[in-house]
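Here is how the chains run, residue by residue.
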Amino acid sequence: MVGDAAGFILPLSGEGIGTALKSGLLAATSVIEANRNNNQASHLYLDRLKDLLSKMQDLYTYVKKILEPKNENQKSLLLKEAWQKALSLS
Ligand SMILES: Cc1cc2nc3c(=O)[nH]c(=O)nc-3n(C[C@H](O)[C@H](O)[C@H](O)COP(=O)(O)OP(=O)(O)OC[C@H]3O[C@@H](n4cnc5c(N)ncnc54)[C@H](O)[C@@H]3O)c2cc1C
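What you see is a predicted model, and the numbers here were worked out from it, not measured in a lab. (Residues numbered from 1 in each chain as written. Predicted model: local features only at pLDDT ≥ 70, side-chain atom pairs only at ≥ 80, totals over all residues.)

Caption draft 1: Representation of the site of the ligand within the structure. Inspection of the region around the ligand gives Gly3, Asp4, Ala5, Ile9, Glu15, Gly16, Ile17, Gly18 and Ala20 as its neighbouring residues. Here the shell around the ligand is composed, by residue class, of 4 nonpolar, 3 polar and 2 charged. (Near = placed C-beta within 6 Å. Nonpolar A, V, L, I, M, F, W, Y, C, P; charged D, E, K, R; others polar.)

In structure tokens form, the structure reads like this:
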């Protein structure tokens, strides 16, 4: 699965074009390489997806903290950091 169907939607903004393109590209290159080398495309795709999955998980952890801030200063700082992480996704 790729894009929205795989849940690659940025929790801060609801954006998902960049991550849909990225995951689609990873899926397509996995299929091409698997055909060339007689491998399982799903294994290659899941392996290539690890970085994106870990960044998405990180982002959701931030959003959870943003929803329960200790104070406004912490909320602003967390929002800034979360946006920087979101920008590195696609
Ligand atoms: C109003 C709105 C504004 C948005 N604005 C932004 C934005 O500014 N920036 C941003 O990054 N993201 C934005 N998004 C989110 C973005 O549109 C999605 O994250 C992105 O399009 C996901 O791409 P996708 O390829 O995963 O899914 P989709 O673009 O939804 O593509 C899935 C395609 O599969 C087709 N399909 C579904 N079922 C079947 C079937 N059974 N057989 C064949 N085809 C099927 C659908 O018709 C569709 O064309 C917005 C979303 C909405 C609703």
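Caption draft 2: The packing of helix α2 (residues 41-67) against helix α3 (residues 72-87), seen in detail. As a packed pair, α2 and α3 sit with axes 10 Å apart at the nearest point and diverge in direction by 165°. Overall, the two elements α2 and α3 adopt an arrangement that is roughly antiparallel. Judged by the sense of rotation from one axis to the other, the crossing of α2 with α3 is left-handed. For the pair α2 and α3, contact is made by Lys55, Asp58, Leu59, Tyr62, Val63, Lys65 and Ile66 and by Lys75, Leu78, Leu79, Glu81, Ala82, Lys85 and Ala86, respectively. (Axes fitted to C-alpha atoms, helices over the stretch in contact; angles between N-to-C directions. Helix = DSSP H or I, 4+ residues; strand = E, 2+ residues; numbered from the N terminus. Parallel < 35°, antiparallel > 145°, perpendicular 65-115°, else oblique. Left-handed = near helix turned anticlockwise from the far one by under 90°. Contact = placed C-beta atoms within 7 Å.)

Caption draft 3: Region of the structure containing unusual backbone geometry. Unlike most non-glycine residues, asparagine 38 shows phi in positive territory, near 55°. Mapped onto the fold, asparagine 38 is located in the loop between α1 (17-37) and α2.

Caption draft 4: Spotlight on the environment of alanine 86. Within the element layout of this structure, alanine 86 appears in helix α3. A sequence separation of 67 residues divides alanine 86 from threonine 19, and the C-alpha atoms of the two residues are 10.0 Å apart. Among residues more than four places away in sequence, those in contact with alanine 86 are Leu10, Leu12 and Leu59.

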